[in-house]
Amino acid sequence: MTTPIQATLIPGDGIGPEIVDATVAALDALGAPFEWDRQIAGLGGVQACGDPLPEATLQSIRRTRLALKGPLETPTGGGYRSSNVRLREEFQLYANLRPARTIVPGGRFDKIDLVVVRENLEGLYIGHEHYVKIDNDPHAVAMATGINTRAGGRRLLEFAFDHAVATGRKKVTIVHKANIMKALTGLFLETGLELYESKYKGKFELDTVIIDACAMKLVLNPWQFDMLVTTNLFGDILSDLVAGLVGGLGIAPGANIGTDAAIFEAVHGSAPDIAGKGLANPIALMLAAAMMLDHVKLPDMATKLRTAIDDTLNIDKVRTGDLGGKAGTAEFTKAVVSRIRS
Ligand code: NAI
C-alpha cells in the first residue's frame, strides 16, 4: 500500500477541466496515491472571487508543495498579470523542464528525444516594463529591463546538469546570445562554462550555441542536440519549437520545479477555440502527470502511463483530431484507461 500524497489540483480555464478529468481518470486507473485538493485560478478565479490567483489556492500549494495544473487564461496586453508567472515567482519554481519525445512515428521528424531546461524566474520576464509618453502618444516608447544573476543562473544550470547526469544525457548545449546581449546572456554562458569545468567535466559533453543558429539547427538536424539549457525568453520560444518537432503542443508536457515545490502542467494554453467541445487532446497533461509520478519517486507508474499512451496511439490507433485521428477526449481517455488496466 503506497502512502497517500497530498497534491493541489487546478482544473484551470478553457479545455483545462476536460483534460484534467481525463488525466485524473488515468491516474486513478494506475492507483496513483494522490489526494487532491481542488482549487481555482486564472479566469476561473477572476469569475469566482475577483482574483486570478486566490489566496486559498496559494495556501493549498504552500501546504502540499505539489500541484497538477490545467492551463490558465491570461489577457494579452492589458488586464491582469499571468497567474503562471506569479505561481513561478511565489514558489520560486526556477527550473522549467520540457521534454519532447516522438510518440507518433512517421512525422516530419522521427525519433526525437530532446529536453529543454529553461530558467523560469529571471531575464526579460521579470515584468519591469514601462512606456514613455511623448507629446500626445502615451505609448511612444516601450522599455523592458532584463535581469539575470549569477546565483540564479547557477542554480538552474546545476539543476540541468544534475538532471542530465541522472537521466543519462550525453550532451548538454547552453543556448545564449552573448554576442549581442553580452551582459544579460553572457553571464549565463560564463556561469555555465565555469560550473562545467569545476564540477561536471567528463560527465557529459558540453557545447554552446547562439540562439538564432540553434533555431536553424533544430529545424535542419534536431538529432545533433540532447539537452538544451537556456535563459527564460529563449527557453520559452525553443520549448515550443521542440514541441513542434514532435507533433505539436497537444503532446508537450512541462514541469516547473523549485527547491521545495513543483507544479506540473501541459505546455499548451486553454485552447478557447475548442473548449467544451470534447475534442481536446489530454496527452500533454497526462505526460505532465507522468513527470509528477517520477518526481514523487513512483517511476514504475510513470512508465506504465507513458506506455499506455504510446500503445493507445500506435497499437490501438486511437488519436484525437490534432494528431490526425477521429477520437474525442472521452474516447481517447477510455482507451488509455483500458490499456492501463490490461
Ligand atoms: P493554446 O495553446 O491555447 O492554443 C493554440 C492552438 O493549439 C489552438 O488552435 C488550440 O486549439 C490548439 N491546442 C492547444 N492545446 C490543445 C490540445 N490539448 N488538444 C488539441 N488542440 C490543442 O494557445 P493560445 O490560443 O495562444 O492561448 C490561449 C490562452 O491560454 C491564453 O489566454 C494564454 O495566455 C493561455 N496560456 C496558458 C498557458 C498555461 O497556463 N501554462 C500556456 C500558454 C497559453
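Residues numbered from 1 in each chain as written. Predicted model: local features only at pLDDT ≥ 70, side-chain atom pairs only at ≥ 80, totals over all residues. Heavy atoms only, no water.

(A) Local environment of the side chain of Arg 118. Assignment of secondary structure puts Arg 118 in strand β5 (residues 113–119). Judged by its relative accessible area of 2%, Arg 118 falls in the buried class. A distance of 2.9 Å separates the side chain of Arg 118 from the side chain of Asn 232, its partner in a polar contact. A distance of 3.5 Å separates polar atoms of two side chains, one belonging to Arg 118 and the other to Asp 236. (Helix = DSSP H or I, 4+ residues; strand = E, 2+ residues; numbered from the N terminus. Buried < 20%, exposed > 50% of the residue type's maximum accessible area, 1.4 Å probe, protein only. Polar contact = N/O pair within 3.5 Å; in protein donor to acceptor, adjacent residues only side chain to side chain.)

(B) Just the layout of surface pockets, in detail. Looking at the largest pocket, its volume works out to about 1,000 Å³. Every residue lining the largest pocket is counted, 35 residues in all, and those nearest its centre are Thr 74, Pro 75, Ser 82, Val 85 and Tyr 125. At the level of secondary structure, the elements contributing two or more residues to the lining of the largest pocket comprise α4 (83–90), β6 (123–134), β7 (137–147), α8 (232–245) and β12 (262–266). At six residues, β6 tops the list of elements feeding residues into the lining of the largest pocket. In this structure, the second largest pocket encloses a volume near 670 Å³. Taken together, 23 residues form the lining of the second largest pocket, with Leu 97, His 163, Thr 167, Met 291 and Asp 294 sitting closest to its centre. (1 Å grid on protein atoms, 1.4 Å probe; cavity = no way out; pocket = protein on both sides within 12 Å on 5 of 7 lines; lining within 4 Å. Points joined across faces, edges and corners; volume = space filled by probe spheres on them.)

(C) Examining the nonpolar core more closely. Judged by nonpolar contacts, the single largest core of 93 residues is most densely connected at Phe 34, Phe 161, Val 229, Leu 293 and Leu 305. When residues are assigned to domains, this core turns out to be shared by domain 1 (1–91 + 260–342) and domain 2 (98–248), each giving three or more. If near-sequence neighbours (up to four positions away) are discounted, Leu 293 is found in contact with Leu 27, Leu 30, Ala 32, Phe 34, Leu 298, Pro 299, Met 301, Ala 302 and Leu 305. One finds Ile 10, Ile 61, Ala 67 and Leu 72 within the second-largest nonpolar core, a separate group that totals twelve residues. (Core = buried A, V, L, I, M, F, W, Y, C linked by side-chain atoms within 4.5 Å. Domains from an automatic or database assignment. Contact = heavy atoms within 4.5 Å.)

(D) Representation of the domain arrangement of the protein in the model. Splitting the protein by domain gives domain 1 (1–91 + 260–342) and domain 2 (98–248). The distance between the C-alpha centroids of domain 1 and domain 2 comes to 24 Å. Summing the contributions of domain 1 and of domain 2, the shared interface buries around 1,100 Å²; its carbon and sulfur component is 58%. Remark: the boundary between domain 1 and domain 2 carries one salt bridge. (Buried area = accessible area lost by both parts, 1.4 Å probe. Salt bridge = Lys/Arg side-chain N within 4 Å of Asp/Glu carboxyl O.)

(E) Seen up close, empty space enclosed by the protein. As enumerated under the stated definition, the model contains four cavities of 30 Å³ or more in all. By volume, the largest cavity is sized at about 70 Å³. As for the largest cavity, its lining consists of Gly 123, Leu 124, Asn 148, Met 181, Leu 184, Thr 185, Thr 231, Asn 232, Leu 233 and Phe 234. When contributions to the lining of the largest cavity are tallied by element, the ones reaching two or more residues are β6 and α8. Per-element accounting of the lining of the largest cavity gives the leading share, three residues, to α8. Of the residues belonging to the lining of the largest cavity, the class tally is five nonpolar, five polar and no charged. Its boundaries defined by the atoms lining it, the second largest cavity holds a volume of some 40 Å³. Contributing elements (two or more residues each) for the lining of the second largest cavity: α4 and β12. Ranked by residue count, the leading element in the lining of the second largest cavity is α4, at three residues. Here the residues of the lining of the second largest cavity sort into three nonpolar, two polar and three charged. (Nonpolar A, V, L, I, M, F, W, Y, C, P; charged D, E, K, R; others polar.)

(F) Molecular detail of the packing of aromatic side chains. Enumeration over the complete set of coordinates arrives at eight aromatic pairs. Centroid distance Tyr 94 to Phe 159: 6.5 Å. Interplanar angle 85 degrees. Geometry classified as edge-to-face. One end of the pair, Tyr 94, is in the loop between α4 and β4 (95–101); the other, Phe 159, is in helix α5 (residues 150–166), with 65 residues separating them in the sequence. A relative accessible area of 11% places Tyr 94 in the buried class. Seen from their ring centres, Tyr 200 and Phe 204 are 6.1 Å apart, and the 40 degrees between their planes marks the pair as tilted. One aromatic cluster is present, built from ring pairs that chain together Phe 161, Tyr 196, Tyr 200 and Phe 204. (Phe/Tyr/Trp six-rings, centres within 6.5 Å; stacked < 30°, edge-to-face > 60°.)

(G) Region of the structure containing the pattern of salt bridges. Applying the stated criterion across every chain yields a total of 22 salt bridges. Ionic pairing is found between Glu 265 and Arg 88, a salt bridge with its closest N-O pair at 3.9 Å. Here Glu 265 is found in strand β12, whereas its partner Arg 88 is found in helix α4, with 177 residues between them in sequence. By relative accessible area, which is 9% here, Glu 265 ends up buried. The salt bridge partner of Arg 339 is Asp 311, with a shortest N-O separation of 3.8 Å. Taken together, the residues span a long stretch of sequence, with Arg 339 in helix α11 (residues 329–341) and Asp 311 in helix α10 (residues 299–314) at a distance of 28 residues. In the salt-bridge network here, residues are joined through shared partners; they are Glu 55, Arg 62 and Glu 90.

(H) Summary view of the site of the ligand. As a matter of local geometry, the ligand sits amid 20 residues, with Leu 72, Asn 84, Gly 269, Ala 271 and Asp 273 nearest to it. With respect to the ligand, the side chain of Glu 265 contributes an N or O atom lying 3.2 Å from a nitrogen atom. A distance of 2.7 Å separates an oxygen atom of the ligand from a polar backbone atom of Gly 269. When the free accessible area of the ligand is taken as 810 Å², the share hidden by the protein chains comes to 68%. Tallied by class, residues from the shell around the ligand come to nine nonpolar, six polar and five charged. (Near = heavy atom within 4 Å. Areas by Shrake-Rupley, 256 points an atom, 1.4 Å probe, with all protein chains shown as cover.)

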